[in-house]
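# Structural characterization, general
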Amino acid sequence: MFQLDLAPADPILGLTETYKADAHPDKINLGVGVYQDATGKTPILKAVTQAEERLLETETGKSYLPIPGVAELATHTQELLFGAGHTIIKEGRAKTAQTPGGTGALRVAADFLLRAAPQATVWISNPSWANHQAIFEAAGHRIEDYRYYDKVSQGLDGEGLMADLERVSEGDVLIIHGCCHNPSGIDLDQTAWEAIAAQARAKNLICLVDFAYQGFDEGLEEDRAGLHVLLNAGLAVLVTSSYSKNFSLYSERIGAITVVEETADDAIKAFSHIQAAIRAIYSSPPAHGGKIVATILGDTSMRALWIQELADMRTRIKEMRQAFAHGMAARQQAIDFDFINHQKGMFSFSGLTQEQVLKLRADNHIYIVGSGRINIAGITPTNVDPLCDAIARVI
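Residues numbered from 1 in each chain as written. Predicted model: local features only at pLDDT ≥ 70, side-chain atom pairs only at ≥ 80, totals over all residues. Heavy atoms only, no water.

## A look at the overall build of the chain
Scanning the chain from N- to C-terminus turns up 14 helices and 13 strands. Since a compact globule built from 395 residues should have a radius of gyration of about 21 Å, the 21 Å found for the chain is in line with a globular shape. With the C-alpha coordinates aligned to their principal axes, the bounding extent of the chain is approximately 60 × 55 × 55 Å. Every one of the 395 residues in the chain was classed for burial, and the buried ones make up 53%. Intrachain contacts of the chain at a sequence separation of at least 6 include 75% that bridge at least 24 residues. As displayed, the chain offers around 17800 Å² of accessible surface, 51% of which is attributable to carbon and sulfur atoms. Both charge centroids of the chain, one from 34 positive and one from 48 negative side chains, sit 3 Å from each other. (Helix = DSSP H or I, 4+ residues; strand = E, 2+ residues; numbered from the N terminus. Rg over C-alpha atoms; globule rule 2.2 N^0.38 Å. Buried < 20%, exposed > 50% of the residue type's maximum accessible area, 1.4 Å probe, protein only. Contact = heavy atoms within 4.5 Å. Areas by Shrake-Rupley, 256 points an atom, 1.4 Å probe, with all protein chains shown as cover. Lys, Arg positive; Asp, Glu negative; His and termini not counted. Charge placed at Lys NZ, Arg CZ, Asp CG, Glu CD.)

## Describing unusual backbone geometry
Of note, the amide linkage connecting Asn126 to Pro127 takes the cis form, showing an omega dihedral of 10 degrees. Considering the arrangement of structural elements, one finds Pro127 in the loop between β3 (121-126) and α6 (130-138). A positive phi angle, near 55 degrees, is found at Asn204, a position not held by glycine. For Asn204, the location among the structural elements is in the loop between α8 (190-203) and β8 (206-211).

## A look at empty space enclosed by the protein
In this structure the tally under the stated criterion is one cavity of 30 Å³ or more. As a volume, the largest cavity reaches approximately 40 Å³. In terms of lining residues, the largest cavity is bounded by Thr77, Leu80, Leu81, Phe211, Gln214, Ser241, Ser242, Tyr243 and Asn246. For the lining of the largest cavity, the secondary structure elements donating two or more residues are α3 (71-82) and β9 (237-242). A total of three residues in the lining of the largest cavity trace back to one element, the largest contributor, which is α3. Looking at the lining of the largest cavity residue by residue, the class counts come to four nonpolar, five polar and no charged. (1 Å grid on protein atoms, 1.4 Å probe; cavity = no way out; pocket = protein on both sides within 12 Å on 5 of 7 lines; lining within 4 Å. Points joined across faces, edges and corners; volume = space filled by probe spheres on them. Nonpolar A, V, L, I, M, F, W, Y, C, P; charged D, E, K, R; others polar.)

## Here we look at the packing of aromatic side chains
Across all of its chains, the model carries nine aromatic pairs by this definition. Between the aromatic rings of Phe324 and Phe337, the centroid separation amounts to 5.7 Å while the plane-to-plane angle is 80 degrees, which identifies the pairing as edge-to-face. Taken together, the positions of Phe324 in helix α12 (residues 300-331) and Phe337 in the loop between α12 and β11 (347-349) put the pair 13 residues apart, joining distant regions of the chain. With respect to class, Phe324 is no different from Phe337; both count as buried. Connected via pairs of aromatic rings, a cluster forms that spans Tyr35, Tyr213, Phe216 and Phe347. Taking the ring centre of Tyr19 as reference, the NZ or CZ of Lys27 above it sits at 4.3 Å. (Phe/Tyr/Trp six-rings, centres within 6.5 Å; stacked < 30°, edge-to-face > 60°. Lys NZ or Arg CZ within 6 Å of the ring centre and 35° of its normal.)

## Some details on the environment of Ala377
With respect to the helices and strands, the residue Ala377 is situated in the loop between β13 (373-375) and α14 (384-394). Note: C-alpha distance between Ala377 and Thr87 (290 residues apart in sequence) is 36 Å. The residues touching Ala377, leaving out its near neighbours within four places in the chain, are Val34, Tyr35, Gln36, Arg316, Ile317 and Met346.

## As for the layout of surface pockets
If you add up the space inside the largest pocket, you get close to 790 Å³. Lining of the largest pocket is provided by 33 residues; of these, Ile12, Leu13, Gly33, Trp129 and Lys245 occupy positions nearest its centre. Looking at the lining of the largest pocket, the elements that each hand over two or more residues are α1 (13-21), α5 (101-116) and α6. When residues in the lining of the largest pocket are grouped by element, the largest group, five residues, is from α1.

## Re the state of the cysteines
Under the counting rule described, the total for this entry stands at zero disulfides. We note that Cys180 lacks a disulfide partner, and the nearest cysteine sulfur, in Cys179, lies 3.9 Å from it. (Disulfide = S-S within 2.5 Å.)

## Regarding the pairing of strand β2 (residues 94-99)
Of all six residues in β2, five are buried; the element is thus mostly enclosed. Inspection of the sheet shows β2 paired to strand β10 (residues 255-260) by six bridges, in the antiparallel sense. Bridge pairing in β10 links Lys95 to Val259. (Pairing = 2+ DSSP bridges.)

## Structural notes on the environment of His342
For His342, the location among the structural elements is in the loop between α12 and β11. Here the alpha-carbon distance between His342 and Ile186, two residues 156 residues apart in the chain, equals 7.8 Å.

## Notes on the sheet that holds β9
Sheet architecture is open: seven strands sit in the order β2-β10-β9-β8-β7-β3-β4, paired in mixed fashion. On the outer flanks of this sheet lie β2 and β4 (142-147), each paired with one strand and no other. Sheet twist, expressed as the mean angle between neighbouring strand axes with direction ignored, is 20 degrees. Against the sheet, helix α10 (residues 264-281) touches β2, β9 and β10, its axis set at about 15 degrees to β2. (Axes fitted to C-alpha atoms, helices over the stretch in contact; angles between N-to-C directions.)

## Concerning helix α9 (residues 225-232)
The element α9 is largely enclosed, with a buried count of six among its eight residues. Considered for burial, the residues of α9 that qualify are Gly226, Leu227, His228, Val229, Leu230 and Leu231. Note on α9: the residue one or two positions beyond its end, Gly234, has a positive phi of about 80 degrees.

## Some points on helix α11 (residues 287-297)
Burial within α11 is extensive, with eight of its eleven residues counted as buried. When α11 is considered as a whole, its buried residues turn out to be Gly289, Gly290, Ile292, Val293, Ala294, Thr295, Ile296 and Leu297. Here the buried face of α11 lies against α2 (46-58), α3, β2 and α12.

Listed below in structure tokens is the structure:
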């Protein structure tokens, strides 16, 4: 039969399994990439519960969805990305399909791009979400990386980024984190977005914006500012969205892919190939998550409740950033952890080495990815002090 060695364990999912097997009562998981509340649990939002109650009362069947999924979800996704009544929507230059999570959206994008630009190299930030490379390599793309994170300044490597953009060839694909960069927590500034837009126009690049965390930085509108720099430059853009984080719907696997073209006719043509790619992968998406999101966004009261709950999640993460930075400052002066307060979203590079990470795991049952990336949402009012105590001992 198959003569295979064991596939390498996923560095994050494998860490989660090790954490689950640890019986220590005070263990801390800062590796898993999900939002957790102040009690360390991933919540079901009240808006989600209300939507599910309505669906339970009104659903009449469980037939297949069409290839693009729930039609209302496409409308609401475009409103979140562009703003209600935006010219792109009015002119029909955007088309959206529901996907099984943001990961599914990226895989559809990868297969679509293999049809649309088979010779293009796909450029990914260094570092980036580990699955970016795996997804696009599995689809058959050539991969290169562009500099992004400066370990010395613990900020954006703007000079390296600009230099690497000069190496990108005509017609290549550039994957850009829309906000709340995973894993560094460091976002592009206005200057960088404008430089990317200028290079994209000059070299006819395809920009794919991975928008997994809309609403987790400053707000739904504020977080799309970078995307709009590209759109205002007149670029054709692909956007992959995830509703796992901002709706806390991880297990429902709900995301979307949106293509923006120069004309409505071009959008229709491109979308036909997106649908063909979907048909070959999974035919049609699961219904429940899409209906939940569409129900919430289509109801004034539920939408307002969701926006408030999203703001509460965002606020909690920022409070934990501040508590962690303050706690480290109170315990040691060797490292200034204030940089944590300037990073965005759920994730941060802590500056911890792999040796320190392993020691924290062995001595204190604290689970952190080997790169030192931590999930700030895993920090709670209860565990922040023992966490700071342990890190202060290893640095």
